[in-house]
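Secondary and tertiary structure notes
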Amino acid sequence: MALEEGARSCLLRFRHRLEQDIKPSYLMDHMISDDVLTVDEEEKIKNQSTRKDQAVALLELLLKKDNRAYISFYNALIKEEYDDLANLLHDDLPRILPEAYRSTSNGFTSHVQTVLSEGGVPQRPVVFVSRPELVNRVREKLYRLQREPGWVTVFGMAGSGKSVLAAEAVRHHELIEECFPGGIHWLSIGQLDKPDLLVKIQSLCFRLEQSLDSQSLHRPPSSLDEAKERLRFLMLRRYPRSLLILDDVWESTVLKVFDIQCRLLLTTRNRSLTDSVSGAKYEVEVESGLDENKGLEILALYTNNNPQGLPEEARSIVRECKGSPLVVSLIGALLKEKPNRWRYYLCQLQQKQFKRIRKSSSYDYDALDQAMAASIEVLPDDHRELYRDLTVIEKDVKVPAKVLSVLWDLEPEEVEDILEEFVNKSLLFVDSHHRPYLYYLHDLQLDFLEEKNRTQLESLHTKVVRQYQKHYRDGPPTSGDEECLYWIRFLTYHLAKANLSQELNSLMFSLDWVRIKAQIMGPAQLINDYVEYGPILDKENSEVRSQFQEFLSLNGHQLEQRPFPDVVQLALSQPHASEVYKQALLQAQERASTGKLYFDWLNKSSVESLSRLVIHPHQGSIYSACFSHDGAKIASCGASKTLKVFKSTSGEKLMEIQAHDEEVLCCAFSPDDRLLATCSSDRKVKVWNVERAMLLRVFEEEHEEQVNHCQFTNTTRRLLLATCSNDKILNVKLWNLNKPSSQNTMFGHFEPVNHCCFSPDDSFVSTSSNDGTVKLFQVSSANEWKTIDVRSMFTENDEEVFVKCSTWTADGKHIICAARNAVLVFDVETSDMLLEIRTSRLSMVQYCQACPTSNLLAIAFSNYAVELWDLEANKKMADLSGHLSWVQRVQFSPDGSQLLSCSDDQTVRLWETNKVHTSSAVCLKRDSDVLFNDEEIIVSAADNCNRLQVRDGRTGSVLFQSEEKPSRIRCTCMCRQPSAVVLGQEDGTVQVLEVPSGKLLATLLGHTKTVLHCQFSQNGQTLITSSEDTTIRVWRWQSGECKVLQGHKEQIRCFSLLSNSPADTRLLSWSFDGTIKVWDIESGEKLQDVEAHRGAILSCHVSPDGCLFATTSADKTAKLWYCDSWQCVHTLSGHQECVRSCRFSWDSRRLATGDDNGEIRLWSVKDGALLKICSRDGKDGMDSLHGGWVTNLHFSPDNSLLVSTGGYIKWWDVEKGEALQTFYPTGSALKRIHVSSDFSTFVTIDNIGILYILQRVA
């Protein structure tokens, strides 16, 4: 059948682009395996002399082929990571026509082949034996998932063929079409830690998103919680009828990430894994591998016989193999080469010559040991040595031939021949889905090798390291291919196993290594290295290890950005004493000598805040920690299944209990501190006597799913325990400890309940659920009192809203809940939302708690942060930095003086509330003024207590601080001579104060609304102010004399003197009314009045030569005007959003404009032509180019550089329009930047009040 017209025209339309970029030889491999291209056709194309000629020939051929060829070409582009080109072809993908569905055998069609190939489902092994009874049992269970989401578990012993069985079960046309038309997606799990699991899910999300339109592509999720939410959205909304296969799952914790109400098939050795997740569950047991006839069939296939023609020893061999397909295949591969050795290999199996000293596996596989020993014995001596080297490969890791080429010092082609020999002997497996092929060992084969070579492990790993160092003596590989990925990911593993601790330290305490690994692998893997190899690194220098780990934890979200940020610039924000900062400064100084831009944050010591105490109670994530009611003790629990109690003053351990069979999800003290309650994934609730560390009660019958949270009443008046779980209906219970069963069950939620919490007076219990609601139940009657619909507050998209937790304010009048990236405050009586705290879309709120003694609220985030907010002022008061992974829980001490936080980084941190509240929160307002005087930097700004501060920018010392003002300070400016500072307030008052004495020099009354801007004249005798009351006032401030400039109809946010000459008394003003006006400030006369724009005017700037001025507006245009004639010279169009800022270059030849989409444009003043749009490379799918509006712009004196502010600060090369450097503040939404005359020092304040004094590194 001919190619569809839409597909044909798409190929023709993008033909030139495809010819320019593709490498046909890589693509043709995939197309040949899809049976749409012949070897002869490939040869003809390869005979073309250049790559481009080959591309032309391939596309010519493709235009003559059918729809299947187009689809195969599209799939090949995706597999070879030509994602941008595949996106061009996506919209015109042909519908697969009926003949493409024609079955080849047993329901296996080309359509099935395409679906499985796209989903990463492994191909059949070289020797494949059908097991129809088992396959049909798995398919029968999979058909049940057609009606509802759920889990099919295929379980059995290691080596019993579970993975092959799972892959074969989905190799069926009707099953895919009827049950899983959204596709089959395979994920190999194995024994993973959290960062590795995150990397796998990131890869899966990317795979799923790239099949959708390009708008769907997001940055990778940066935490497991975020990954779970992204996967939930993709599986439920974009691929609602698809199957996710999780192969070789070991831990129930892994399944929780995939507990997203979708359809899953998993293979595992542990049949009880799905006990910890919700949904329908079905099981298929692979009892003991192959029966005798199937074993004989495998031997027959290897030896080219029929089963009836095998010698009598064959049955005995199969019996000795104990049904293991892996062992039968090893023996079959040996017999293929030596078909007359049946009796010899039977004796080998029976003699059991190889005995393990210790068992690496939980299974006793004597037969495997004998088969492996025999298979290795027949290898040539040199190949036997090479196979021994494979002992160093980690389990569940696939290795490209190029890595082994480095290890063995052989040419890649020779290595591939050797590996093919290993594969043919079933000593190795190959994943041929990938190009290049990837090779791996079965877990049991690795167990065997590790046991056999256990005395040589250190030297084998040393060999890997030395060969790597020899091959990469000039530095690590950075190509990003499979070989590069292996070395970057596993070099630290080999160094640690080789016991090369000094070299491991040198590598991991290097900023260069951090840059390379973070860029290639992302920060999660890197942070995990510092946790995993912490004990080794700490022997050398634990302080340096924690400094690197903290740097990564605080900047992990930045290291996910693309383009990749400058790690040296990020590291310059570390404390001065940090080794990370010292290395960065040296590198910055070295690179600055070649013209590279770097900026040192001079005053960062003023915002450093450290926790008072750090406790490392558990191996594994900590899910819950709590204070005792007397504040003297802390209890913690988590993935280690233990409960521990510590002194809150010193961290000294008081008690440790092996509390549950699964992860302990929550712990809580009783109000008299005599009891501790715990709840777990094992569905049990337990109550412990704290003093005697003794179990008092177990409630194990009533919750049928994992129990997420437990809490006692706040008083002992009527002691009750509340628990909540993942049960569908009976999910909230109240327990009286004197009764064997629950006292009450609260009905109302039909989805899992994540959290329960008593009101301060114990009258109500609030429950937070995955159904998007918070419900309030009366404790006395267990009746529902009211429902707060949190889900309705998120109207921006149709994703599900899970409420993580709720907390009551001390007076019981407000309830606060956490959902997605927001914290919402509701009135308990009316259910009205009173306040909303929204965070970045890239981090999820994990937990929140209101302080029992103040207006403070603590919030825990998935991006490792803890924040303190003042609910009354709706303002962030402090950032508590230090955790190195996701923060799970926060809790205030009963007196509110301390806060604890616990995290997946295995630590509990204690913070003194007042200390972090004040030290990290010298919160200054963004409306500021700065005086640069030689080395001196003087900053004036209002603080969070509404006092005006004048500070020495370098030292942070306060030169002057006013008393607290009754009306909010909205603007400030300073004068050198006389030494004075002005503040303008919301009530219209203007005050002039002497610095540093603070003496009130003048109070200027006249404005009736907020004063928005103030500025001294050059001689300091005149003060000009503008206001929301639509007027400008010109004050002789010492005498109080005032001229009022009236004429604007809306607020005047800013104004500018037309020149710096004292003789020129003209003032330019602009307003939201769309007009510009010129005034004579001496006479008060209006000289010009021009209707400049249809929308509000947002900024204005006068050219340095005084000839022109520019205006920008909400109407998305900028305009250039003559100062003399007031005529519009050029209208500059092209911005897609409000044009927020503008600035002339110092030679008056260029104008820079910035808009609310983060875009900066450079224009020629002479003809109004667009010169450059500043680089769009950093455009993130979830963010604007500049992290927000472009609010301020400044050129360097030589006009070669431009600095801009938005969500962060960027420096640009004016000629090229390329970003040269970026500084990421702690907060965002920078309003303006003050620049020294030599363009070396930059001062700004972010939206959380942190002051930044940045100096260019020389």
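Predicted model, so just to flag it, every value in this text is computed and none were measured.

**Points about the overall build of the protein**
Of the regular secondary structure elements, the protein holds 32 helices and 70 strands. Its C-alpha atoms give the protein principal-axis dimensions of roughly 120 × 85 × 60 Å. The buried share among the 1258 residues of the protein stands at 59%. A separation threshold of at least 6 residues defines the contact pool for the protein, and within that pool the share at least 24 residues apart is 54%. For the protein, the accessible area works out to roughly 50,200 Å², and carbon and sulfur atoms hold 46% of it. Taking the average location of the 142 positive side-chain charges in the protein and that of its 173 negative ones, the two points are 1 Å from each other.

**Side note on the packing of helix α27 (residues 511-521) against helix α28 (residues 523-532)**
Packing of α27 against α28 brings their axes to within 7 Å, and their N-to-C directions diverge by 130°. As summarised for this structure, α27 and α28 are arranged oblique, according to the angle between their axes. Here Trp513, Val514, Lys517, Ala518 and Met521 of α27 lie close against α28, whose contacting residues are Pro523, Gln525, Leu526, Asp529 and Tyr530.

**Let's talk about helix α18 (residues 342-351)**
Burial in α18 covers these residues: Trp342, Tyr345, Leu346, Gln348 and Leu349. Seen end-on, α18 carries its buried residues on one side only, within an arc spanning 155°.

**Side note on the sheet that holds strand β36 (residues 875-880)**
The antiparallel open sheet is built from four strands, whose spatial order is β33-β34-β35-β36. Looking at the sheet topology across the chains shown, the edges are occupied by β33 (845-850) and β36. Taking the axes of each pair of neighbouring strands and ignoring which way they run, one obtains an average angle of 25° across the sheet. Bridge analysis of strand β35 (residues 866-870) against β36 gives five bridges, and the strand direction is antiparallel. Bridging from a neighbouring strand, Trp869 pairs with Lys876 of β36.

**Some points on the environment of Ser1083**
With respect to the helices and strands, Ser1083 occurs in the loop between β54 (1075-1080) and β55 (1086-1091). On the accessibility criterion, Ser1083 (43% relative accessible area) is partly exposed. Note: C-alpha distance between Ser1083 and Leu1045 (38 residues apart in sequence) is 9.8 Å. Among the polar contacts listed, one links the side chain of Ser1083 to the backbone nitrogen of Glu1085, at a separation of 3.1 Å.

**A few points about the sheet that holds strand β31 (residues 822-827)**
Strand order in the open sheet formed by four strands is β29-β30-β31-β32, with antiparallel pairing between adjacent strands. Edge strands, defined here as strands with exactly one partner in the open sheet, are β29 (803-808) and β32 (833-838). Each adjacent strand pair in this sheet contributes to an overall mean axis angle of 20°, direction not counted. Judged from the six bridges that link them, strand β30 (residues 814-819) and β31 form a sheet pairing that is antiparallel. Of the residues in β31, the one forming a bridge with Cys817 is Leu824.

**A short note on the environment of Asp1064**
Along the chain, Asp1064 turns up in the loop between β52 (1054-1057) and β53 (1066-1070). Sequence separation of Asp1064 and Lys1231 is 167 residues, and the distance between their C-alpha atoms is 29 Å. In contact with Asp1064, other than residues within four places in its own chain, are Leu1058 and Ser1059. Side chain to side chain, Asp1064 and Arg1066 meet in a polar contact 3.0 Å long.

**Digging into the confidence of the model for the protein**
Interpretation of the predicted coordinates at a detailed level should be avoided for regions scoring low in pLDDT. Across the protein, pLDDT averages 87, with 93% of residues at or above 70. Highest mean pLDDT in the protein belongs to strand β64 (residues 1192-1195) (98); lowest belongs to strand β1 (residues 103-105) (42). Here residues 97-106 is a poorly scored stretch, pLDDT under 50, and it has 19 contacts once near neighbours within four places are set aside; other chains count. Confidence drops under pLDDT 50 across residues 1179-1183; counting only partners more than four residues distant or on other chains, this segment forms 13 contacts.

**Concerning unusual backbone geometry**
If a residue is not glycine, its phi is most likely negative; likewise, a peptide bond is most likely trans. Between Gln977 and Pro978 the backbone carries a cis peptide bond, its omega angle lying at 0°. Within the secondary structure, Pro978 sits in the loop between β44 (969-975) and β45 (980-985). Look at the link from Val995 to Pro996: it is a cis peptide, with omega at 10°. Looking at the secondary structure, you find Pro996 in the loop between β46 (990-994) and β47 (1000-1004). One non-glycine residue, Asp248, lies in the positive phi region at around 65°. Structurally, Asp248 is set in strand β5 (residues 243-249). In the Ramachandran plot, Ser426 falls in the positive-phi region, its phi being about 60° despite a non-glycine side chain. Within the element layout of this structure, Ser426 appears in the loop between α22 (412-424) and β9 (429-431). The class for Ser426 is buried, based on a relative accessible area of 7%.

**Some details on the side chain of Ser967**
Assignment of secondary structure puts Ser967 in the loop between β43 (958-961) and β44. Beyond its immediate sequence surroundings of up to four residues, Ser967 is in contact with Asn946, Gln985, Glu986 and Asp987.

**A short note on a negative patch on the surface**
Together, Asp382, Glu411, Glu413, Glu414, Glu416, Asp417 and Glu420 give the surface a local cluster of negative charge. Residue position: Asp382 is located in helix α20 (residues 381-389). Relative accessible area serves as the criterion here: at 49%, Asp382 is assigned to the partly exposed category.

**Points about the packing of aromatic side chains**
Summed over the entire model, instances satisfying the criterion amount to 23 aromatic pairs. Taking 6.2 Å as the distance between ring centres and 10° as the angle between the ring planes, the aromatic pair formed by Tyr530 and Phe548 counts as stacked. Highlighted residues: Tyr530 in helix α28 and Phe548 in helix α29 (residues 534-555), separated in sequence by 18 residues. Exposure class is identical for Tyr530 and Phe548. Each is buried. Between Phe764 and Trp785, the aromatic rings sit 4.6 Å apart at their centres with planes inclined by 20°, giving stacked as the arrangement.

About the thresholds
Residues numbered from 1 in each chain as written. Predicted model: local features only at pLDDT ≥ 70, side-chain atom pairs only at ≥ 80, totals over all residues. Heavy atoms only, no water. Helix = DSSP H or I, 4+ residues; strand = E, 2+ residues; numbered from the N terminus. Buried < 20%, exposed > 50% of the residue type's maximum accessible area, 1.4 Å probe, protein only. Contact = heavy atoms within 4.5 Å. Areas by Shrake-Rupley, 256 points an atom, 1.4 Å probe, with all protein chains shown as cover. Lys, Arg positive; Asp, Glu negative; His and termini not counted. Charge placed at Lys NZ, Arg CZ, Asp CG, Glu CD. Axes fitted to C-alpha atoms, helices over the stretch in contact; angles between N-to-C directions. Parallel < 35°, antiparallel > 145°, perpendicular 65-115°, else oblique. Arc of directions from axis to C-beta. Pairing = 2+ DSSP bridges. Polar contact = N/O pair within 3.5 Å; in protein donor to acceptor, adjacent residues only side chain to side chain. pLDDT = per-residue confidence, 0-100. Patch = residues over 30% accessible without salt bridge, like charges linked within 9 Å, V, L, I, M, F, W, Y side chains within 5 Å. Salt bridge = Lys/Arg side-chain N within 4 Å of Asp/Glu carboxyl O. Phe/Tyr/Trp six-rings, centres within 6.5 Å; stacked < 30°, edge-to-face > 60°.

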